[in-house]
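Coordinates in review
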Amino acid sequence: MFLPLFASFANAEESKKLVTFDYAIADTLAALQQPPLAMAGLAQYRRLYQEPLLPDTRELGNRFQPNFEYLASLEPDVIMISPPAHLNLEGKLSDIADVIKISLFGKNLNIWQSLEQLTKEVGELNGQQQQAQILIDSVDARLSLIATQIERPANPLLIVEIRDDRHVRVYGSGSLEDAVLTRLGLENAWQGSTNGWGFSTLSIPEAFRLEGQKVVLHPFYTQDQDLTSTLPTSGLWQHWLDGTALSINRNYWPWGGFPSALRFAESLVEALEEPTTPSSVIGRCFTSLHCL
């Protein structure tokens, strides 16, 4: 979908062997046509996508319990992590290769500026400074174009994800989704507090007090490969998903890089152009795994 933005990047003079434990970094490397040599947690990320993800990247095992012996055998030049995640592994990782830490998500961080900085730092590692700037400029240009074409909703958008029969997650300040809404000139209905990952988890009573145009995200990331769809069918949730609810098939990583941001923007455009009814939102989740 975004190939025209990222194609035709020149190869670096000498590509370094880069390994990452963070998908935003892998997302950016792939966009620069220098995918990571290996990545931890790759199998879990691949389940979220509808097309082959990082087909040439090797799997290191669980994100927080990687195969250190296999990692060492690859002889990477650099291992990239994003604090606070994986700081407990830094000692073992630094015995294998240089560790670079890039903070992307967290309280008081400007997500868009963080992604720009990430893109530039990743570009510098392989001598791709020019390509990195092209990527940044291309994303800005694409979102600016979308902003002029997108159908403006009558109400602020409420980006939500039903977690179980009692809780809903709502994305606000500090999230990739909120950053994209801002770039598109759209208003986020959730102005309440969020955690370091840019969301709040609300109970049923709190959810029913929410106002705004609901945009339901599905499926969501899970490490449980045997988890089947159990989207609540109670009258409460069906009533909450009223006739104005929209649905996004989330073929992106909520804490990804610029490619993920563009995927969300494109999916949002489609949702606003073709509103979905609550029954279709629920029906689609029942036909796919990992809705909850």
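First, a word on what this report is: a plain description of the structure on this page.

**Section: the sheet that holds strand E10 (residues 199-203)**
Taken in spatial order, the five strands of this open sheet run E10-E9-E8-E11-E12, and their pairing is mixed. Single-partner strands in this sheet number two, and they are E10 and strand E12 (246-249). For this sheet the average axis-to-axis angle between neighbouring strands, irrespective of direction, equals 35°. Bridge count between strand E9 (residues 167-171) and E10: five bridges; the pairing is antiparallel. Directly across from Tyr171, in E10, lies its bridge partner Phe199. Here helix H11 (residues 258-273) sits on the sheet and contacts strand E8 (157-162), strand E11 (213-218) and E12; the angle it forms with E12, its principal contact strand, is near 145°.

**Section: the side chain of Asp22**
With respect to the helices and strands, Asp22 occurs in the loop between strand E1 (18-20) and helix H2 (23-31). Arg63 provides the closest opposite charge to the buried, unpaired Asp22, separated from it by 6.5 Å. At 3.2 Å, the side chain of Asp22 and the backbone nitrogen of Ile25 are in polar contact. For Asp22, the residues in contact, after removing those within four places along its chain, are Met39, Met80, Ser82 and Leu104.

**Let's talk about the packing of aromatic side chains**
Across all of its chains, the model carries eight aromatic pairs by this definition. Aromatic rings pair up to connect Tyr23, Tyr45, Tyr171, Trp197, Phe199, Trp253 and Trp255 into one cluster. Note that Lys214 overlies the ring of Trp240, its terminal NZ or CZ placed 5.3 Å from the centroid.

**Focus on the nonpolar core**
Of all hydrophobic cores here, the largest spans 59 residues; its most connected members are Tyr23, Leu184 and Leu268. Looking at which element gives the most residues to this core, the answer is H11, with nine residues. Excluding residues that lie within four positions of it along the chain, Leu268 makes contacts with Ile150, Leu157, Leu181, Leu184, Leu186, Val215 and Ile248. With 15 residues, the next largest nonpolar core counts Val168, Leu202, Ile204 and Ala207 among its residues.

**Description of a negative patch on the surface**
Side chains of Glu151, Glu270, Glu273 and Glu274 sit close together on the surface and give a patch of like negative charge. Take Glu273: its relative accessible area is 51%, and that puts it in the exposed class.

**Focus: the sheet that holds strand E2 (residues 38-39)**
Consider a sheet: its strands pair through backbone hydrogen bonds, and that pairing is either parallel or antiparallel. The five strands lie next to each other as E3-E2-E1-E6-E7, forming an open sheet whose pairing is parallel. A single partner strand is all that each edge strand has here, and the edge strands are strand E3 (58-59) and strand E7 (98-101). As judged from the four bridges shared by strand E6 (residues 78-81) and E7, these two strands associate in the parallel manner. Its bridge partner being in E7, Met80 is matched across the sheet by Ile100.

**Some details on unusual backbone geometry**
With omega at 10°, the peptide bond leading from Pro83 into Pro84 counts as cis. Turning to its location among the elements, Pro84 is positioned in the loop between E6 and helix H5 (90-94). Its identity is not glycine, yet Leu54 carries a phi of approximately 45°, on the positive side. Within the secondary structure, Leu54 sits in the loop between helix H3 (42-46) and E3. Positive phi outside glycine occurs at Glu75, with the angle close to 50°. Assessed through its relative accessible area of 56%, Glu75 is described here as exposed.

Parameters at a glance
Residues numbered from 1 in each chain as written. Predicted model: local features only at pLDDT ≥ 70, side-chain atom pairs only at ≥ 80, totals over all residues. Heavy atoms only, no water. Pairing = 2+ DSSP bridges. Helix = DSSP H or I, 4+ residues; strand = E, 2+ residues; numbered from the N terminus. Axes fitted to C-alpha atoms, helices over the stretch in contact; angles between N-to-C directions. Contact = heavy atoms within 4.5 Å. Buried < 20%, exposed > 50% of the residue type's maximum accessible area, 1.4 Å probe, protein only. Lys, Arg positive; Asp, Glu negative; His and termini not counted. Salt bridge = Lys/Arg side-chain N within 4 Å of Asp/Glu carboxyl O. Polar contact = N/O pair within 3.5 Å; in protein donor to acceptor, adjacent residues only side chain to side chain. Phe/Tyr/Trp six-rings, centres within 6.5 Å; stacked < 30°, edge-to-face > 60°. Lys NZ or Arg CZ within 6 Å of the ring centre and 35° of its normal. Core = buried A, V, L, I, M, F, W, Y, C linked by side-chain atoms within 4.5 Å. Patch = residues over 30% accessible without salt bridge, like charges linked within 9 Å, V, L, I, M, F, W, Y side chains within 5 Å. Areas by Shrake-Rupley, 256 points an atom, 1.4 Å probe, with all protein chains shown as cover. Charge placed at Lys NZ, Arg CZ, Asp CG, Glu CD.

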